Amino acid sequence: MTPFLSVRDLYVRFATEDGTVRAVDGLSFTLERGRTLGIVGESGSGKSVTNLAVLGLHDPRTTEIRGEVLLDGQELTGAPESVLEKLRGNKVAMVFQDSLTALSPYYTVGRQIAEPYRKHTGASRREARLRAVEMLRRVGITDPALRVDDYPHQFSGGMRQRAMIAMALVCDPELLIADEPTTALDVTVQAQILDLLKELQQQTGAAIVLVTHDLGVVAGTVDDLLVMYAGRAVEQGPVREVLRAPRHPYTWGLLGSMPRLSSDVGQPLTPIPGTPPSLLAPPPGCPFHPRCAYAASVAEDRCRTERPSLPPGRGAACHLGEERQRSVFAERIRPR
Ligand code: SF4
Ligand code: MG
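Residues numbered from 1 in each chain as written. Chains lettered and ligands numbered in written order. Predicted model: local features only at pLDDT ≥ 70, side-chain atom pairs only at ≥ 80, totals over all residues.

J.: Kindly report on the nonpolar core, identifying the contributing residues and their values.
T.: Core analysis: the biggest nonpolar cluster contains 91 residues, and A166 and V234 have the highest contact counts within it. Tallying contributions element by element places helix α7 (residues 157–169) first for this core, with eight residues. In this structure, A166 is in contact with I113, M135, L136, R138 and V139, ignoring residues within four places of it in sequence. (Core = buried A, V, L, I, M, F, W, Y, C linked by C-beta atoms within 7 Å. Buried ≥ 20, exposed ≤ 12 C-beta atoms within 10 Å, placed from the backbone. Helix = DSSP H or I, 4+ residues; strand = E, 2+ residues; numbered from the N terminus. Contact = placed C-beta atoms within 7 Å.)

J.: I'd love a proper account of the sheet that holds strand β8 (residues 207–212), names of residues and values included.
T.: Spatial ordering of the open sheet is given by β6-β7-β8-β3-β9-β10-β11, a layout of seven strands whose pairing is mixed. Across the chains shown, the open sheet's two edge strands, defined by having one partner strand only, are β6 (92–95) and β11 (315–316). Direction of pairing for strand β9 (residues 224–229) relative to strand β10 (residues 232–238): antiparallel, over a ladder of six bridges. Each residue of the ladder has a partner; that of L225, found in β10, is G237. (Pairing = 2+ DSSP bridges.)

J.: Let's hear about the pairing of strand β2 (residues 19–31): which residues, and what values?
T.: Across ten bridges, strand β1 (residues 5–16) lies against β2 in antiparallel orientation. In the sheet register, L5 faces β2, and the bridge partner there is L31. In sequence, β1 turns back onto β2 through a hairpin of two residues.

J.: Give a detailed account of helix α5 (residues 125–138), specifying residues and quantitative values.
T.: Its 14 residues place the ends of α5 20 Å apart at the C-alpha level, agreeing with the 20 Å of an ideal helix rising 1.5 Å per residue. A128, R129, R131, A132, V133, M135 and L136 are the residues of α5 that are buried. In this structure, the buried residues of α5 make contact with α4 (109–121), α6 (144–147) and α7. Positive phi shows up at G140, right after α5, with a value of about 90°. (Expected span 1.5 Å × (residues − 1).)

J.: Requested: an account of the site of ligand 1, with residues and values cited.
T.: Lining the immediate environment of ligand 1, one finds 14 residues, of which C286, H289, C292, C303 and C318 sit closest. Looking at the shell around ligand 1 residue by residue, the classes come out as eleven nonpolar, three polar and no charged. (Near = placed C-beta within 6 Å. Nonpolar A, V, L, I, M, F, W, Y, C, P; charged D, E, K, R; others polar.)

J.: Residues and numbers for the environment of R162, please.
T.: Along the chain, the position of R162 falls in helix α7. Look at R162 and you get buried, because 24 C-beta atoms sit within 10 Å. Through-space distance from the C-alpha of R162 to that of I141 is 7.6 Å; in sequence the pair is 21 residues apart. When sequence neighbours within four positions are dropped, the list of residues in contact with R162 reads V139, G140, I141 and L196.

Purely geometric stuff here, so don't read any function into it on its own.
Next up, the structure:
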């Protein structure tokens, strides 16, 4: 059976004044209905670009996209704008990080929820307004019939994020792309929003792609995890396995730079040394090698010359090999 969403060998390149940016460099993944895929990595790792490419939201004059994006069997790369336009906000919807820029300050929250509904279903103003009230109720806004006429600035940050989710879900999308949906919120509200997404998913069976730089966000939320670095997937697998026994040195770094338990709070975090590479000229071989403490231990300088490939299913794109990944993690990473 073909998966609901299938991305195969996706390449995204931008032309800039300084040269070509290889934002996504050969990415593949699949996602089934009712499941959530977490895509995690530092900023500039290609997470958001991947999603925009899936939605066809790039400027074709400056962006080259190669590869295959199949949604429910329909090819999206190179699909005409009219086809994509029909999908967006309807079968596929997106929730962004920043509700202040995604919601217009000039229109009421209700109108902004009702608008895509009218556009895609042809509902009347009255029906769409009722639908907006219903959506606000579903995302947990108290007194939705009153709040529907509020402007975004009359909502708190958490409420605006709920309103954005209502807007995204108003046409019952089958795929929801949530890009850093909780980054601007405090921890308590973050947890509420993630719970809400999961609850709505259980009701609708939608597939969700959750993009985040924060491994703490994915732990209780996603089913599968894809770790991205420099436009490539470096590790993937069921989230529990990746978090319990991560195999890629970059994932070890990500885990080391976040507080894992409440008892860790106050403990110094270990940031990953160095910075992500320029995507104008990504390093040859393994893109992580300039920052990797284990590159020198791999024979024949392979890390600097040979691009490691990501095995399908559970695995990491790393020349250390599974055996050494396991032993290094058990002996040197976990005890910290
Ligand atoms: Fe480090 Fe080499 Fe593995 Fe890349 S392939 S993560 S440089 S050990
Ligand atoms: Mg981003």
